[in-house]
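One letter stands for each residue in the lines below.
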Amino acid sequence: MSAIAGVYYLDGHPVLDKQIFNMMKMLDKYPADDIHVWQNKNTSFGCHAQWITPESVGEQMPYYDHEKQYAITADAIIDNRQELATLLGLDNKQLKELPDSMFILLAYDKWQEDTPNYLIGDFAFMIWDERRQKLFGARDFSGGRTLYYSHKNGQFAFCTLMEPLLTSNFVSKQLNEEWLAEYLAVSGAIDTTDASITPYRDIRQIPPSHSITVTRDSLKIRRYIKLSAKSELVLGSDCEYVEAFQSVFQEAVHARVRSKGLVGAQLSGGLDSGAVVSFAAKRLKQSGQKLHTFSYVPSKDFHDFTPSYLIADETPYIQSTVKHVGGIKDHYLDFPGSNSYRIIDELLEVLEMPYKFFENSFWLNGIFQKAEDEKLSILLSGERGNLSVSWGSAFDYYLTLFKQIRWLKLHKEVSHHTKRNGGSNFKKFSIIGKEAIKGRNRGIENYPILINPNFATKTSVYERLHLKGMDKTGWYTGKIKNERSKHFEDEFQWNTTNSLATKLSLKHGLWKRDPTNDLRVIRFCLSIPESQFVLDGLDRALIRRSTKDYLPDNVRLNQKVRGIQGADWVHRMVPDWPLFVEEINTIVQDDQVMEYLNKKAILTGLEKIKAGPNVEFDTDLDYRILMRSLVVYRFLKKLI
């Protein structure tokens, strides 16, 4: 709900008023309902508050408890308030009225540094414990909110954003080459595998799932939660799993529509966002509210060239969901004149670092702007669904059955799959057998290497990636047995998208919230047998069965067509193609930048784009590497 900031002088030196006020001044460009600063002798906190929940309206933040001598500044929405109220002995009046920051402070008084283990929601907070002369803070398990810090020259400073930290005379803008090397070497959509580093040498961040304790003598970062997939929950029937899932998912959705204002959601034609929308709309109808939905559609003059199993314009499926669910005010947005090239500088300013999601950049930003225009407080999404609520690749499950020599179960499942989707049992068994025997390499093959080989050697980046299970393709090797478990074990997987959500939310005065990323939902999905995710020929079976009556069958049971968003990114850039070519040509002539980037790869791509834009090259690796290079180039030119 806020951007937070603070300074702690480790040697007891009195806080300089100008430092916290300079940091807070940098937040003035963002909307705020209230702005306050608290300070004592050697500590100061600030809060640039955006009131999102009913309980946050009029909240005093930062807050100082004179009796217990605790101060807190928090950027948080806590979703398990009822559970916490019971554990903390609060009555119904306190449950309804206390802001989320007070739940955190009361939890800290009871559990001290174990506090984050009891919290469910999106949060970043810092507490000054005056009696113990220490700072304690944390980020939620997936890093739903950002929290950066500097620790230098006897001073510890923190903030939701990096830019305010750079106002200190102790914090330089010097490039962190370790961060840049990982960013360039990793071919996936994440920034880095080390979630504690940033583009600046003097600024670090608290990783997701971690807490921080700072005293005059030490700084300690500790991971307080680690998730893994273990089939521990055994219920009596398939129906009981559905009922249990519906209960926990509805609880997660209910918590995330708690708002003082209007609620909206991103909506595609698929299952994840459709499930979120259907459960949320049902809840909002009870209080007479409509749910706003925002759906990206391609340019009106775009010809869908994608294969028959993909669809770039999901409008028919979206409209089917809207009609079936009811209680929705739907918006279809094609953002005329916007494209991935024109948005670069704006997003670099918002994100404070380079980014890789350029194909979807303009419409992700545009949906936030539209949500702000419609005066929303909450924007729901279903981005984590693929690894939680809608997990379940039929082919992967059949491979598992093959390797476990469960022939009868495999035959039954493949037969059901053929009956639903067509094809040949024999051909499917043949493919499964071949893949099981020779193994399956899931690495990103043939992706052009963006990092200059000399820079890679200088920074030993591939050695660090190897420790994370990655090879020189810049992604996981085929030796990773359970990628889903790996995803939840590696905290860096969550950092990129949640950093984007935090900063766009702050810019537009609303919160992006994802029920498929609720800790209770994820724990449930990780605890149930794999057979609940692929059942009777249905992939993603749990969410399909659980949304019966919630979603129309043409969406719920669709296994033949998959939506693909951003397929028109090259098409949209056609008017700017000469500028694009010219700028790439400038990059390869910049010797300073070429110390970091792979000149050979960029020259290969440059020759291709000189021939003019091919709108069907939306997934072309050379096109993609040039766009990534351009984003990095623009960022570096501001620093070096």
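Residues numbered from 1 in each chain as written. Predicted model: local features only at pLDDT ≥ 70, side-chain atom pairs only at ≥ 80, totals over all residues. Heavy atoms only, no water.

Draft legend 1. How the structure looks around the overall build of the chain. Helix and strand counts for the chain stand at 25 helices and 19 strands. Taking 2.2 N^0.38 as the reference for a compact globule, 640 residues should give roughly 26 Å; the C-alpha atoms of the chain span a radius of gyration of 25 Å, in line with that estimate. Judged by the C-alpha coordinates and their principal axes, the chain covers about 75 × 65 × 45 Å. Contacts spanning at least 24 positions in sequence make up 72% of the contacts within the chain whose residues lie at least 6 apart. As presented, the chain carries roughly 25,900 Å² of accessible surface, and 50% of it is formed by carbon and sulfur atoms. (Helix = DSSP H or I, 4+ residues; strand = E, 2+ residues; numbered from the N terminus. Rg over C-alpha atoms; globule rule 2.2 N^0.38 Å. Contact = heavy atoms within 4.5 Å. Areas by Shrake-Rupley, 256 points an atom, 1.4 Å probe, with all protein chains shown as cover.)

Draft legend 2. Here's a closer look at the state of the cysteines. Enumeration according to the criterion identifies 0 disulfides in this entry. The thiol of Cys239 is unpaired, and the distance to the nearest cysteine sulfur, on Cys525, comes to 17 Å. Note on Cys239: relative accessible area 52%, which makes it exposed. (Disulfide = S-S within 2.5 Å. Buried < 20%, exposed > 50% of the residue type's maximum accessible area, 1.4 Å probe, protein only.)

Draft legend 3. Representation of the environment of Lys370 in the model. Residue position: Lys370 is located in helix H10 (residues 358-373). Here Lys370 falls in the partly exposed class, since its relative accessible area comes to 24%. Placed 71 residues apart in sequence, Lys370 and Ser299 show a C-alpha to C-alpha distance of 17 Å. Apart from residues no more than four positions distant in its own chain, Lys370 is found in contact with Phe294, His331 and Leu333.

Draft legend 4. Here's a closer look at H10. Its 16 residues give H10 an end-to-end C-alpha distance of 23 Å, which sits within 8% of 22 Å, the value for a rise of 1.5 Å per residue. What H10 keeps buried is the set Phe358, Glu359, Ser361, Phe362, Trp363, Leu364, Asn365, Gly366, Ile367, Phe368 and Ala371. Backbone geometry just after H10 places Lys375 at a positive phi near 65°. (Expected span 1.5 Å × (residues − 1).)

Draft legend 5. Main features of the environment of Val186. Here Val186 shows up in the loop between helix H5 (177-185) and strand E10 (204-205). The exposure class assigned to Val186 is buried, which follows from its relative accessible area of 1%. Taking C-alpha positions, Val186 is 43 Å from Gln60, a pair spaced 126 residues apart along the chain. Val186 has contacts with Thr193, Lys356, Leu465, Gly474, Trp475 and Arg628, leaving out every residue within four places of it along the chain.

Draft legend 6. How the structure looks around the pattern of salt bridges. Under the counting rule described, the total for this entry stands at 42 salt bridges. When the shortest N-O distance is used, the salt bridge between Glu113 and Lys134 registers 2.8 Å. One end of the pair, Glu113, is in the loop between helix H4 (100-111) and strand E6 (121-129); the other, Lys134, is in strand E7 (residues 134-139), with 21 residues separating them in the sequence. A single burial state applies to Glu113 and to Lys134, both of which are buried. One salt bridge connects Glu413 with Lys409, and the closest N-O pair in it is separated by 3.7 Å. (Salt bridge = Lys/Arg side-chain N within 4 Å of Asp/Glu carboxyl O.)

Draft legend 7. Layout of unusual backbone geometry. Put simply, Met61 and Pro62 share a cis peptide bond, and its omega is 5°. Along the polypeptide, Pro62 turns up in the loop between strand E3 (43-49) and strand E4 (63-65). The phi dihedral of Gln133 is positive, around 50°, even though this residue is not glycine. Here Gln133 is to be found in the loop between E6 and E7. Of the residues examined, Gln133 reaches a relative accessible area of 39% and is grouped as partly exposed. Residues other than glycine seldom take positive phi values, yet Ser460 does so here, at roughly 55°. Position of Ser460 relative to the elements: it lies in the loop between helix H14 (453-459) and helix H15 (461-467).

Draft legend 8. Local environment of the nonpolar core. Counting 96 residues, the largest nonpolar core has Leu184, Tyr355 and Phe580 as the members making the most contacts within it. In terms of residue count, helix H25 (residues 621-637) provides more of this core than any other element does, 10 residues in total. Membership of the second largest hydrophobic core comes to 55 residues, among which are Leu90, Phe156, Ile212 and Phe488. (Core = buried A, V, L, I, M, F, W, Y, C linked by side-chain atoms within 4.5 Å.)

Just distances and angles here, no functional claims.
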